[in-house]
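# Structural features, examined
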Amino acid sequence: MTASDDSPFGSHRARSILAEAGLQATRQRLAIVDILSGQPPRHVSAEDLFDALQSRGAPGSLSRVYGSLKRFCETGLVRRVPAYGNTVWYEMKGEDHHHFYIEEEDRLLDIPAGMIHLAELPPAPPGYELAGIDVLCRIRRTASEAGPGASRGAQTR
Ligand SMILES: [Zn+2]
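This is a predicted model, so every value here is computed, not measured. (Residues numbered from 1 in each chain as written. Predicted model: local features only at pLDDT ≥ 70, side-chain atom pairs only at ≥ 80, totals over all residues.)

### Quick word on the overall build of the protein
The condition is simple: Helix and strand definitions follow DSSP, with helices as H or I runs of at least four residues and strands as E runs of at least two, each counted in order from the N terminus. Three exposure classes are used. Buried residues have 20 or more other C-beta atoms within 10 Å of their own C-beta, exposed residues have 12 or fewer, and partly exposed residues fall in between, all C-beta atoms being placed from the backbone. Note that contacts rest on C-beta atoms placed from the backbone: two residues are in contact if these are within 7 Å.
Within the protein, the regular secondary structure consists of 4 helices and 5 strands. Beginning at the N terminus, the succession of helices and strands in the protein can be written as α-α-α-α-β-β-β-β-β. Counting the 157 residues in the protein, one finds 19% classified as buried. Restricting to contacts in the protein with at least 6 residues of sequence separation, those with at least 24 account for 41%.

The following block contains the structure:
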């Protein structure tokens, strides 16, 4: 075995991300950063994270997961994705981008910011300024691309 900082509770990379954000590296925080910063970039709910942590054997309750996410958002490490539907997603705060929302799968995909051109925006009401723009494009599979479900309704006998 080689000496390494990597453990089931968080990689060396997660450790440096937390250190850079000035956050204490608890086992739970390391595991959360590890999951969120995986490739491809992930959008996960607090419940998804909690399940993933449980399967890694990382300690902590769901309310502690929420606590960690709140702290991560405050420090600018993670952001809450403003999205449609009931799920609240979190992602590592990287480059500005927008999202596709796949309705049937309740899942998000990134859209690079440069791919969306906004022509005109209303001015912010007096006393407010624009803090950011988030575009969410709701998408669904086209009929021809639909998988086995496409034959739904066809009688077999
Ligand atoms: Zn995203």
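From this point, the narrative continues.
### So, the packing of helix α3 (residues 46-56) against helix α4 (residues 62-74)
Test applied: To obtain an axis, a line is fitted to C-alpha atoms, over the contacting stretch when the element is a helix, and the angle between two such axes runs from 0 to 180 degrees between their N-to-C directions. Throughout, a crossing is termed right-handed when the near helix is turned clockwise from the far one, and left-handed when it is turned anticlockwise from it by less than a right angle. Residue type decides the class: Asp, Glu, Lys and Arg count as charged, Ala, Val, Leu, Ile, Met, Phe, Trp, Tyr, Cys and Pro as nonpolar, and the leftover types, Gly among them, as polar.
Running from amino to carboxyl end, α3 crosses α4 at an angle of 120 degrees, the nearest separation of the two axes being 9 Å. As for the relative orientation of α3 and α4, their crossing is right-handed in sense. Mapping the contact onto sequence places A46, L49, F50 and L53 in α3 and L62, V65, Y66 and L69 in α4. Across the contact of α3 with α4, the residue classes tally to 8 nonpolar, no polar and no charged.

### Structural notes on the UniProt feature "binding site: Fe cation" (unreviewed entry) in the protein
Convention followed: UniProt positions are given in the numbering used here, feature names are shortened, and annotations may be inferred rather than shown by experiment.
Per the UniProt entry, the sites bearing "binding site: Fe cation" (unreviewed entry) are H97 in this numbering. The topology assignment puts H97 in strand β3 (residues 97-102). By C-beta crowding, H97 is classed as partly exposed, having 18 other C-beta atoms within 10 Å. Not counting residues within four places of it along the chain, the set of residues in contact with H97 comprises D110, I111, P112 and A113.

### Describing helix α2 (residues 27-36)
Burial within α2 is extensive, with 8 of its 10 residues counted as buried. Inspection of α2 places Q28, R29, L30, A31, I32, V33, D34 and L36 among the buried residues, and these make up the whole buried set. Elements in contact with the buried residues of α2: α1 (12-20), α3, α4, β1 (78-81) and β2 (89-92).

### Regarding the nonpolar core
Threshold: Think of a nonpolar core as buried Ala, Val, Leu, Ile, Met, Phe, Trp, Tyr and Cys residues chained together by C-beta atoms that fall within 7 Å.
Ranked by internal contacts, the top residues of the largest apolar core, which has 24 residues, are V33, L49 and Y90. When contributions to this core are tallied by element, the ones reaching two or more residues are α1, α2, α3, α4, β1 and β2. Take this core: its biggest share by element is 5 residues, from α2. Dropping the residues within four chain positions of it, L49 is found in contact with I32, I35, V44 and V65.

### Observations regarding the sheet that holds β3
The cut-off we apply is this: Think of it this way: DSSP has to see at least two bridges between two strands before they count as a pair.
Pairing is mixed in the open sheet, where 3 strands are placed in the order β4-β3-β5. Each having just a single partner strand, β4 (107-112) and β5 (136-139) make up the two edges of the open sheet. Sheet twist, expressed as the average angle between the axes of neighbouring strands with direction ignored, equals 30 degrees. Where β3 meets β4, 6 bridges bridge the pair, whose relative direction is antiparallel. Bridged to H98 within β4 is I111.

### With respect to the pairing of β3
In sequence, β3 turns back onto β4 through a hairpin of 4 residues, with D106 there showing a positive phi of about 50 degrees. Bridge analysis of β3 against β5 gives 4 bridges, and the strand direction is parallel. If you follow F100 over to β5, its bridge partner there is C137.

### Things to note about the confidence of the model for the protein
The predicted coordinates ought not to be read in detail in places where the model reports low pLDDT. What counts is decided by this rule: How sure the predictor is of each residue is captured by pLDDT, a score from 0 to 100.
For the protein, per-residue confidence averages 83 on the pLDDT scale, and residues scoring 70 or more make up 85% of the total. Low pLDDT, under 50, characterises residues 1-5; the stretch is placed with 2 contacts to residues that sit more than four places away or in other chains. Low pLDDT, under 50, characterises residues 150-157; the stretch is placed with 1 contact to residues that sit more than four places away or in other chains.

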